[in-house]
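Reading the structure
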Amino acid sequence: MDKPRVVLGVSGGIAAYKACELLRRLTESGHDVRVVPTASALRFVGAATWAALSGNPVSTEVWDEVHEVPHVRIGQQADLVVVAPATADTLARAAHGLADDLLTNTLLTARCPVVFAPAMHTEMWEHPATRENVATLRRRGAVVLEPAVGRLTGADTGKGRLPEPAEIFEVCRRVLARGVREPDLAGRHVVVSAGGTREPLDPVRFLGNRSSGKQGYALARTAVARGARVTLIAANTALPDPAGADVVRVETALQLREAVLKAAADADAVVMAAAVADFRPASYATGKIKKKDDQEPEPLALVRNPDILAEMSADRARPGQVIVGFAAETDDVLANGRRKLARKGCDLLVVNEVGEHRTFGAEENEAVVLAADGGETPVPHGPKEALAETVWDLVAARLG
Ligand code: CTP
């Protein structure tokens, strides 16, 4: 089988050096990559680096190798075009259909999926001109990643950082796997909670659970690749931020509730993949709790946490908002799942069987998705991203 052909467009920003790692990941995972830098990208990283890492010729202008008509051929033959970093200027030229160098010609001739990974200063990203260009590109079916928040060139910090290359690679992988299908969650805002809450007892101890956050992160990554604006509410996870998602970090159930309700206010769908503690310690000791040698330990008093999923389902922030819950069950899985779906009032409930060595922290999962309308979709044992795709299929069908 032919290797999938990827065009890596690189535009002129300091993050161009990070595109070397993305290129490396693409080639090492069996893709044939043609790098098309802009002239200003070559001020940051030279053509020799791109040629050596890709094993393919590199040009910025349409005037090289004219007999091969590269300005048409490269785009036509591509299975994916990814532009990383995409500067404000490149986004503008792409949005307006300019064709003044090889990269913009390639973008006009490509009929495959296109991913832009913007990187620029916060002011440029927030400028109405850039906002409109991004909206235009998204409307036309491109996946434009939200930049990450963090250190920018110089001492500045803010939104505008290129997401980590490994995470951009994950988006490319998923977009390639979807083929030429349109990003069906484009224009949608989805909220995903992930991880497990921690309920503090004192400054050093907490009540927690074994959730790794992997399923929630797979849901966030998959939604990004399907074009959604994604807010990921992450409770105590040790995973890298998915490219293109806005990540909000929380610790306790009450913090998770506040963050989810805030993000859900304008969301089309909310997926509660987080393992939320049902109870929290009734009191918090501001100093470390000491043992007393001559006394038995005090029993631990607990109080109920609010049920966020039930609360959101009963009082939807928007009409037609689709709400998805997860249920971890150890026995009588389907019957318990049905009862829980009715009790929580959500539209879909992903039921999986857990145990000491099952699901928690694993790369794979097996589940049944129960629907409030009686539907039942089994998802065979497989990667967590396959379950994520099924969940978004069911959500997309309900969003209409
Ligand atoms: N959930 C929530 N708020 C809580 C507890 C759970 O929003 N306080 C959500 C979880 O994110 C998950 C779903 O509810 O999507 C199911 O959680 P689970 O712990 O399995 O259900 P419980 O209601 O706790 O039922 P039980 O403990 O009886 O199994």
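Our structure is the block above this text.
Below is a summary of the structure that appears in this document.

Cut-offs and rules
Residues numbered from 1 in each chain as written. Predicted model: local features only at pLDDT ≥ 70, side-chain atom pairs only at ≥ 80, totals over all residues. Heavy atoms only, no water. Helix = DSSP H or I, 4+ residues; strand = E, 2+ residues; numbered from the N terminus. Axes fitted to C-alpha atoms, helices over the stretch in contact; angles between N-to-C directions. Parallel < 35°, antiparallel > 145°, perpendicular 65-115°, else oblique. Left-handed = near helix turned anticlockwise from the far one by under 90°. Contact = heavy atoms within 4.5 Å. Nonpolar A, V, L, I, M, F, W, Y, C, P; charged D, E, K, R; others polar. Pairing = 2+ DSSP bridges. Buried < 20%, exposed > 50% of the residue type's maximum accessible area, 1.4 Å probe, protein only. Right-handed = clockwise from strand over helix to strand, strands pointing away. Near = heavy atom within 4 Å. Polar contact = N/O pair within 3.5 Å; in protein donor to acceptor, adjacent residues only side chain to side chain. Areas by Shrake-Rupley, 256 points an atom, 1.4 Å probe, with all protein chains shown as cover.

**Points about unusual backbone geometry**
With glycine set apart, most residues show a phi of negative sign, and most peptide bonds adopt trans. Here Ala84 and Pro85 are connected by a cis peptide whose omega angle stands at -5°. We note that Asn236 has phi near 55°; this positive angle belongs to a residue other than glycine. Considering the arrangement of structural elements, one finds Asn236 in the loop between strand 11 (229–235) and strand 12 (245–250). Positive phi values are uncommon outside glycine, yet Asp332 reaches one of about 50°.

**Observations concerning the packing of helix 10 (residues 214–225) against helix 14 (residues 384–399)**
Between helix 10 and helix 14, the least distance of the axes is 8 Å, while the angle of their chain directions is 55°. It follows that helix 10 is oblique to helix 14 by the angle criterion. Between helix 10 and helix 14 lies a crossing whose hand is right-handed. For the pair formed by helix 10 and helix 14, the contact residues are Lys214, Gln215, Ala218, Leu219, Thr222 and Ala223 on the first element and Lys384, Glu385, Leu387, Ala388, Glu389, Val391 and Trp392 on the second. Partitioned by chemical class, the residues of the contact of helix 10 with helix 14 number seven nonpolar, two polar and four charged.

**Description of the sheet that holds strand 8 (residues 189–195)**
One open sheet accounts for eight strands, arranged 12-11-8-13-16-17-18-19; its pairing is mixed. A strand with exactly one partner marks an edge of an open sheet, and here the two such strands are strand 12 and strand 19 (376–383). When strand polarity is set aside, the average angle formed by the axes of neighbouring strands in this sheet is 20°. Alignment of strand 16 (residues 322–329) against strand 17 (residues 348–353), held across six bridges, turns out to be parallel. Across the sheet, the residue bridging to Phe326 is Val350, located in strand 17. Packed on one face of the sheet, helix 11 (residues 253–264) meets strand 8, strand 11, strand 12 and strand 13 (269–272) and runs near 175° to strand 11.

**Focus on the pairing of strand 2 (residues 32–37)**
The buried count for strand 2 comes to five of six residues, which makes it a mostly enclosed element. Pairing analysis gives six bridges linking strand 1 (residues 5–10) to strand 2, with the strands arranged parallel. Opposite Arg5, over in strand 2, you have Asp32 as the bridge partner. One crossover worth recording links strand 1 to the parallel strand 2 by way of helix 1 (residues 18–28), and it is right-handed.

**Some remarks on the site of the ligand**
Taken together, 16 residues sit near the ligand, with Met272, Ala274, Asp278, Phe326 and Lys344 positioned nearest. In this structure, Met272 approaches the ligand through a main-chain N or O atom, which is 2.7 Å from an oxygen atom. Taking Leu309, its main chain carries an N or O atom lying 2.8 Å from an oxygen atom of the ligand. Relative to its unbound accessible area of 570 Å², the ligand is 78% covered by the protein chains.

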